[in-house]
Amino acid sequence: MSTPMTPPTMRFDNRVVVITGAGAGLGRSYALEFARRGAKVVVNDLGGSAQGDGADKSVAQTVVDEIIAEGGEAIANTDNVIEGGRIIENAMDTFGKIDIVINNAGILRDVSFHKMTEEDWKLIFDIHVNGAFAVTHAAWPIMRKAGYGRIINTSSAAGIYGNFGQVNYAAAKLALYGMVTALSEEGKGKGIFVNAIAPVAASRLTENLIPPEIFKALKPEFVTPLVVMLCHENSEINGELFEVGGGWISKLRWQASEGATFEPSDSFTAETLKEKWHDVEDFDHSYNPSNIMAPLEKVMKNIGTNRSSQKQDDK
């Protein structure tokens, strides 16, 4: 006997959510679920191919039709994310506010680095990074004025760990997390919380990368609960990165070795560094830096200690 579903308590009534790349896969799953929970949804999708070619206005409209058929409220937007201001303007003209932005739009231009063209590099950054910037930058003053906002950037395991043939994609995806770490600091005083997810899910981008039997099991719907929770008004999670897929969710954080320290003088050379290289790589003694001050404090302590010693010697 299956367990009955718990009625949703995380509602989004009177909230407006803008979702880029919402015509299929993860974006479509997000759009349908937010609408079911009462949100007004801006379904953005240019309707291009997985490589960034072409356009099809019916892609976004099909998801809107699904939402309306279920009794929800949504509009279709087919602007390119690079013109993010137009997406936000469309949302404001229709609904008069922006509460949530989910930067989900993406394409692939997989190729080994020695064969990569400037277009392969630029197009990936335009859609992933510049697109996320354009949409978020347009929504940011609206959220600041309202004193409220939730933003999700879509990173990737390729950006966290690297992957052959995806130098452009990996660089862009890690850049999106870097955007989150800094933007979360700027937004928290204004009630705007920003997070990143690195999803593993069946989509047109992963269709040829994942074996068919696994692909079928990695439903986008298994990523959606995390996005919903992070975007709810009761969530104050901020500046974090999560891996998610197949019903598994994990929070990532930086880990650093305690490292090796040297007198900052002429005696500090590559040779002396090599002698203590084990200390640099020793993660048996490690810590988890959580902000920019953590590594800086290590540096300042080393300099300060040596300055103190120098003063003692001078005496």
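Residues numbered from 1 in each chain as written. Predicted model: local features only at pLDDT ≥ 70, side-chain atom pairs only at ≥ 80, totals over all residues. Heavy atoms only, no water.

A.B. asks: Mind showing me how you'd approach empty space enclosed by the protein here?
C.D. replies: With a probe scaled to a water molecule rolled over the atoms, the places where space remains empty come into view. According to the stated counting rule, one finds one cavity of 30 Å³ or more in the structure shown. Within this model, the largest cavity holds a volume of roughly 50 Å³. Lining the largest cavity are Thr20, Val81, Asn103, Asn104, Ala105, Ile127, His128, Gly131, Ala132, Val135 and Leu176. The leading source of residues in the lining of the largest cavity is helix H4 (residues 118-146), at five residues. Class assignment of the residues belonging to the lining of the largest cavity gives a composition of six nonpolar, five polar and no charged. (1 Å grid on protein atoms, 1.4 Å probe; cavity = no way out; pocket = protein on both sides within 12 Å on 5 of 7 lines; lining within 4 Å. Points joined across faces, edges and corners; volume = space filled by probe spheres on them. Helix = DSSP H or I, 4+ residues; strand = E, 2+ residues; numbered from the N terminus. Nonpolar A, V, L, I, M, F, W, Y, C, P; charged D, E, K, R; others polar.)

A.B. asks: It is not clear to me how the pairing of strand E8 (residues 248-252) should be interpreted in this structure. Could you clarify?
C.D. replies: Walk down a regular strand and you will see the side chains alternate between the two sheet faces. Bridge analysis of strand E7 (residues 241-245) against E8 gives five bridges, and the strand direction is antiparallel. The residue of E8 that forms the bridge with Phe242 is Lys251. Hairpin connection from E7 to E8: two residues lie between these consecutive antiparallel strands, with Gly246 at a positive phi of about 60°. (Pairing = 2+ DSSP bridges.)

A.B. asks: When you look at helix H1 (residues 25-36) in this model, what are you seeing that I'm missing?
C.D. replies: In an α-helix, one turn spans 3.6 residues; hence positions three or four apart end up facing the same way. Between its first and last C-alpha atoms H1 spans 17 Å; for twelve residues at 1.5 Å apiece the expected length is 16 Å, and the two agree. Of all the twelve residues making up H1, nine are buried; the element is thus mostly covered by neighbouring parts of the structure. Turning to H1, the residues buried within the fold contact strand E1 (16-20), strand E2 (40-44), helix H2 (58-69), strand E4 (100-103), strand E6 (192-199) and helix H8 (224-231). (Expected span 1.5 Å × (residues − 1). Buried < 20%, exposed > 50% of the residue type's maximum accessible area, 1.4 Å probe, protein only. Contact = heavy atoms within 4.5 Å.)

A.B. asks: Teacher, can you tell me more about the pairing of strand E5 (residues 149-154) here?
C.D. replies: Of all six residues in E5, six are buried, a share of seventy percent or more. Neither face of E5 is open: one carries Gly149, Ile151 and Asn153, the other Arg150, Ile152 and Thr154, and all of them are buried. Summarising the sheet, E4 and E5 pair through four bridges and their orientation is parallel. Across the sheet, the residue bridging to Asn103 is Asn153, located in E5. The β-α-β motif built from E4, the intervening H4 and the parallel element E5 has right-handed crossover chirality. For E5 and E6, the ladder comprises six bridges, and the chain directions are parallel. Bridge pairing links Asn153 to Ala196 in E6. (Right-handed = clockwise from strand over helix to strand, strands pointing away.)

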